[in-house]
Amino acid sequence: MIDRTPKQNRWLELRSPKVATPPPAISDRVGSPPKLVRGSAESIQPERKSRKERLKELRMLLESESMNQPPSPPPEPEVVKPEPTVSSALVTVVPPTVEPETPSPKRNNPIMASLPVLGLLLVLATPPGVAYVASTLLLRSPALPNCPKIFWPLASASLRLYCAEMAASKNTLDDFLLAFELVSVLSEDHPLRPEINRHIDQWSMGILNLAESKFQAGELSEAIRIAKKTPPQTSASATVEQQIKQWQEIWKRAEGIYRKVEDLMRREEFNLAFREATQLLNVGNNYWETVRYQKLTDLLHIAREDSQKLAEARSLANQGGVNNLLLAIKKLEEISDDSYLQDQAKKEVSALSKSMMTIAEDILNQGQWQEAIATVNKIPSSANLTEEVKDFIVLARAHVPALLDTPEGLTDAIAQAGTIERNRPLYWKAQQYIRGWQQEIADLTIMNEASRLARSQTIPDLRAAIAKLQLIPVSHSRGSEARKNISQWNQKIEEIEDRPNLDMAEKLASFGDVDSLKAAVERASQIGRGRALYDEAQERINEWRARSERLEFQPVLDRAQELAAQGDFANAIAVAEQIRPGLLMYEQARADINQWRSQLQDIQNLQNAETSAIPGTIDGLIRGIQLADRVSRSSSWRWRADQLINDWSQTLFTRGLDQAIYDISGAIETLKTIPPGTTVYNSAQAQISDWQSWLNPATPVPYEQPTVPRSVSPTIEFDQPPDLNKPIRSDN
């Protein structure tokens, strides 16, 4: 049932003690049998002595006291030190040592010496004395076994079970294992085996409970180790693996929650982190639900405060500028080292410091090397860019001779930058500057040679200088300067080539006649688009073309305007149409032609209107008003059209009144044709309203007797139909 593997017993690992013998008792002197040392399996109980034997012993005691020699005190027992290497479980049985009787000295007055003892014996011999001795012996508690000093090979099963129970009651793993070991030697058919098995099951559950308490205290490994000590073939051993698996699952789930919260804190998702952390309160482990949860919430509060600092630092960094970057870095350095945002803070500090390095490099490229050095010196040491700063300062000082923009200065700069070795952090940056300066030396040599050629200001030399500069790529630092010189020299070549044509055109235009001006325009037009003198040539061409067209077509336009002033719009239009599109005076001629055509149309409309109104019929008058209203509002004939419209409207009003005698509906339609703005328009609208109300009277509302006091007599007015004999209203 339990593991019978021999183990060292902390109670049994004792060295065989040297038992010190106490002074011999009287019974030893009379040859009492030897006794086992305390701790033997079953103490040999001596037979109860008779009264006669006790009296005999007392007599012998009196004789020994009469010798006037007090017995020597018992010697101190030797201290027995256990040797850890001894694994024997036996305690040597030491028989009582009987000291040899020393001859009694010569007695001196034995009667007087024995009187106190005899008195005591007489008192004990009385019935009260006998009763006192008997009750004392009966009420004395029996001595409990001293388990650590028991000689186990001779111990009984009941004694083993008793000591095992005592050990298990201490509720420690070693004591539980000791209890198992004490009862493991007993056979399966022992009479106490059912009781032993019951205790073994209890002790096994005790081990599991002890492991559970360790697990709840946060000691998973210790809990597993204790649980695995459960003896096999016990009721508790069947659940050990399942219990361990359950512990591991709980622990794994708790660790997963903890890690997830940590990740959320690093991502600054604190609301989700708080929500996730509360899951620890239900994992089923006191340690995770109390200690680790409290620690996690404390870390969350710290991380939230650090997140605020991080946000402030980012806000400062977004504002840009060296000072804001320094303030942002200072704010980030306030984040504690044990914060979950420390890694993010370090990344931010590194990024901001590199931004300062970039700003310093931009300042350096602008030629302000001293300010660039001052900027990098402000980078804090926490950014771990000390070596980069040292290399940058070397490069900044190398820019000093490079600013001279001479081959000698560039050579000196290359030499200084070359002191940065390959193992340095800015080695490749230094090599980049060195290559750039080397290329600048080559480009500077080319530009100096091209400038020397261009000084002659001749077309061949200028073309040669341009060819030289084209060797410098646009991507080089002097590429833009080279392209600028190329453009200037190309313009110079074009000026040299086109200036004779423009000068000749100006000479031709100086004659002032139409043919000379046209010849000047043709000569200046030879200067193509994009040439250096193109804009100047186009300005002169426009001037000469305007002068030429005015000389040629101004008389034509003047003649057309003269005809129009005489009212001969048709001939004026025909003359003005001689000015073709594209000519300078075409727009003015076109505007005049449109105006004259409008005048012709207005005259035609008035003529047609008068023709329609001649019969004097209602339809003719209406048609005349419509045609007259087509005359343009800006036309000089509009006054005539308004006069005709007003006259014909009055006539229509009169005709409508006459028509109302026999046809009110037709009269209404006639008056509706009178246009707004005429003198009779308002009268016509009022008359129409009257006729319509007569033709369409309002439906009377059904009368309902109102509830009024009896003393009040309401007066009801009814609408009356119009009187047909009443004369019709007229404004005439």
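Being a predicted model, the structure only gives us computed values, none of them experimental.

1. Details of the state of the cysteines
Scanning the model with the defined rule gives one disulfide in all. At a sulfur-sulfur separation of 2.1 Å, the disulfide partner of Cys 147 is Cys 163. Handedness here is read from the sign of the S-S torsion; for Cys 147 and Cys 163, about -85°, the answer is left-handed. Of the two residues, Cys 147 is situated in the loop between helix H4 (127-139) and helix H5 (157-168) and Cys 163 in helix H5; the sequence distance between them amounts to 16 residues. Of the residues examined, Cys 163 reaches a relative accessible area of 0% and is grouped as buried.

2. Side note on the packing of helix H8 (residues 220-227) against helix H9 (residues 240-266)
Contact geometry of H8 with H9 gives a least axis separation of 10 Å together with a crossing angle of 175°. Regarding the angle of H8 to H9, the classification is roughly antiparallel. Packed against H8, whose contacting residues are Leu 220, Ala 223, Ile 224 and Ala 227, the element H9 presents Val 240, Ile 244, Trp 247, Gln 248 and Trp 251 at the interface. Partitioning the contact of H8 with H9 into residue classes produces eight nonpolar, one polar and no charged.

3. Focus: the nonpolar core
Grouped together as the largest cluster of nonpolar side chains are 58 residues, with contacts concentrated most on Trp 203, Trp 247, Val 261, Met 265 and Leu 280. Ranked by residue count, the leading element in this core is H9, at eleven residues. Ignoring anything within four residues of it in the chain, the contact list for Val 261 reads Ala 273, Glu 276, Ala 277, Leu 296 and Leu 300. Judged by nonpolar contacts, the second largest core, of 42 residues, contains Ala 313, Ile 373, Val 376 and Ile 393.

4. A look at helix H13 (residues 342-365)
Over its 24 residues, H13 runs 34 Å from end to end, which matches the ideal 34 Å to within 8%, given 1.5 Å per residue. Along H13, the residues that are buried comprise Gln 342, Ala 345, Glu 348, Val 349, Leu 352, Ser 353, Met 356, Met 357, Ala 360, Glu 361, Ile 363 and Leu 364. Buried residues along H13 sit against helix H11 (286-318), helix H12 (322-332), helix H14 (369-376), helix H15 (386-402) and helix H17 (427-454). Gly 367, located one to two residues past H13, shows a positive phi value of around 95°.

5. Considering the side chain of Ser 649
For Ser 649, the location among the structural elements is in helix H25 (residues 638-659). Its relative accessible area of 0% is what places Ser 649 among the buried residues. Other than its neighbours up to four places away in sequence, Ser 649 contacts Ile 625, Ile 674, Pro 675, Thr 678 and Val 680.

6. Looking at the pattern of salt bridges
Inspection of the entire model under this criterion finds 28 salt bridges. Of the charged contacts in the structure, one is a salt bridge between Arg 314 and Glu 348, with a shortest N-O distance of 3.3 Å. Remark: Glu 348 occurs in helix H13 and Arg 314 occurs in helix H11; sequence separation between them is 34 residues. Residue classification places Arg 314 among the partly exposed positions, given a relative accessible area of 29%. Residue class for Glu 348 comes out buried when judged on its relative accessible area of 19%. In the salt-bridge network here, residues are joined through shared partners; they are Glu 387, Lys 390, Asp 391 and Arg 424.

7. Some points on the packing of aromatic side chains
Any two aromatic rings considered together are summarised by their centre-to-centre distance and by the angle between their planes. Under the defined criterion, the tally for this structure stands at eight aromatic pairs. Here Trp 251 and Tyr 287 contribute two aromatic rings whose centre-to-centre distance is 6.1 Å and whose plane-to-plane angle is 5°, an arrangement assigned as stacked. In this pair, Trp 251 sits in helix H9 while Tyr 287 sits in helix H11, placing the two residues 36 residues apart along the sequence. Between Trp 251 and Trp 288 the ring centres are 5.4 Å apart and the planes differ by 80°, which places this aromatic pair in the edge-to-face class. One end of the pair, Trp 251, is in helix H9; the other, Trp 288, is in helix H11, with 37 residues separating them in the sequence. Overall, Trp 251 belongs to the buried group, its relative accessible area being 12%. Seen from the ring of Tyr 258, Arg 292 lies directly overhead, with NZ or CZ sitting 4.5 Å from the centre.

8. Points about the confidence of the model for the protein chain
As a general rule, the predicted coordinates of low-pLDDT regions are not to be interpreted in detail. Looking at the protein chain as a whole, the pLDDT averages 75, with 75% of positions reaching at least 70. Low confidence marks residues 64-108, where pLDDT is under 50. Its contacts with residues over four positions away, or in another chain, come to 59 contacts. Taken as a whole, residues 708-732 scores under 50 in pLDDT and shows 18 contacts with residues more than four places along the chain or in a different chain.

9. Description of unusual backbone geometry
At Asn 384, a position not held by glycine, the phi torsion is positive, near 60°. Within the element layout of this structure, Asn 384 appears in the loop between H14 and H15. Under the relative-accessibility criterion, Asn 384 is labelled exposed at 64%.

10. What about H25?
Under the 1.5 Å per step criterion, the end-to-end length of H25 is 31 Å for 22 residues, consistent within 8% with the ideal 32 Å. In this structure, the buried side of H25 is in contact with helix H23 (586-613), helix H24 (618-628), helix H26 (664-672) and helix H27 (681-695).

11. Looking at the environment of Val 575
By secondary structure assignment, the location of Val 575 is in helix H22 (residues 569-576). The buried category is assigned to Val 575, whose relative accessible area is 16%. Sequence spacing of Val 575 and Ala 589 is 14 residues, and the spatial spacing of their C-alpha atoms is 9.7 Å. Not counting residues within four places of it along the chain, the set of residues in contact with Val 575 comprises Val 556, Arg 559, Ala 560 and Leu 563.

12. Some words on the environment of Gln 432
Within the secondary structure, Gln 432 sits in helix H17. Here the alpha-carbon distance between Gln 432 and Ala 417, two residues 15 residues apart in the chain, equals 9.9 Å.

13. A word on the environment of Glu 348
Distance from Glu 348 to Ala 328, taken between C-alpha atoms, is 9.1 Å for residues 20 residues apart in sequence. Residues in contact with Glu 348, not counting those within four places in the same chain, are Leu 310, Arg 314 and Leu 332. Of the polar contacts made by the side chain of Glu 348, one reaches the side chain of Arg 314; its length is 3.3 Å.

14. With respect to the side chain of Asp 391
Along the chain, Asp 391 falls in helix H15. On the accessibility criterion, Asp 391 (4% relative accessible area) is buried. With near-sequence residues (within four places) excluded, Asp 391 lies in contact with Ile 420, Arg 424, Pro 425 and Leu 426.

What counts and what doesn't
Counting restarts for each chain, with residues numbered from 1 along the sequence as it is written. Selection of residues for local features in this predicted model requires a pLDDT of at least 70, selection of side-chain atom pairs for listing and counting requires 80 or more, and totals for whole chains, interfaces and linings are taken over all residues. Note that water and hydrogens are dropped before the side-chain values are worked out from all heavy atoms of the structure. Counting rule for disulfides: a pair of cysteine sulfur atoms within 2.5 Å. Every helix listed is a DSSP run of H or I at least four residues long, and every strand listed is a run of E at least two residues long, numbered separately from the N terminus. Here the term buried applies to any residue with accessible area under 20% of the maximum for its type, exposed to any over 50%, and partly exposed to those in between, with areas from a 1.4 Å probe on protein chains only. Only the contacting stretch of a helix is used when fitting its axis, a line to C-alpha atoms as for every element, and angles between N-to-C directions run 0 to 180 degrees. Here the word oblique covers every angle except those under 35 degrees (roughly parallel), over 145 (roughly antiparallel) and from 65 to 115 (roughly perpendicular). It only takes one pair of heavy atoms within 4.5 Å for two residues to be counted as in contact. When residue character is reported, Ala, Val, Leu, Ile, Met, Phe, Trp, Tyr, Cys and Pro are called nonpolar, Asp, Glu, Lys and Arg charged, and the others, Gly included, polar. In plain words, nonpolar cores are sets of buried Ala, Val, Leu, Ile, Met, Phe, Trp, Tyr and Cys residues tied together by side-chain atoms within 4.5 Å. What a helix is expected to span follows from its residue count: subtract one and scale by 1.5 Å. By definition, a salt bridge exists where a carboxyl oxygen of Asp or Glu is found within 4 Å of a side-chain nitrogen of Lys or Arg. Classification of ring pairs uses Phe, Tyr and Trp, with its six-membered ring standing for Trp, and accepts pairs whose centres are within 6.5 Å; under 30 degrees between planes counts as stacked, over 60 as edge-to-face, and the remaining range as tilted. Distance and angle both matter: a charge sits over a ring if NZ of Lys or CZ of Arg is within 6 Å of the ring centre and within 35 degrees of the ring normal. pLDDT gives the predictor's per-residue confidence on a scale running from 0 to 100. In the analysis that follows, any N or O atom pair within 3.5 Å is treated as a polar contact, provided that within protein one partner can donate a hydrogen and the other can accept it, and provided that, for residues neighboring in sequence, both atoms belong to side chains.

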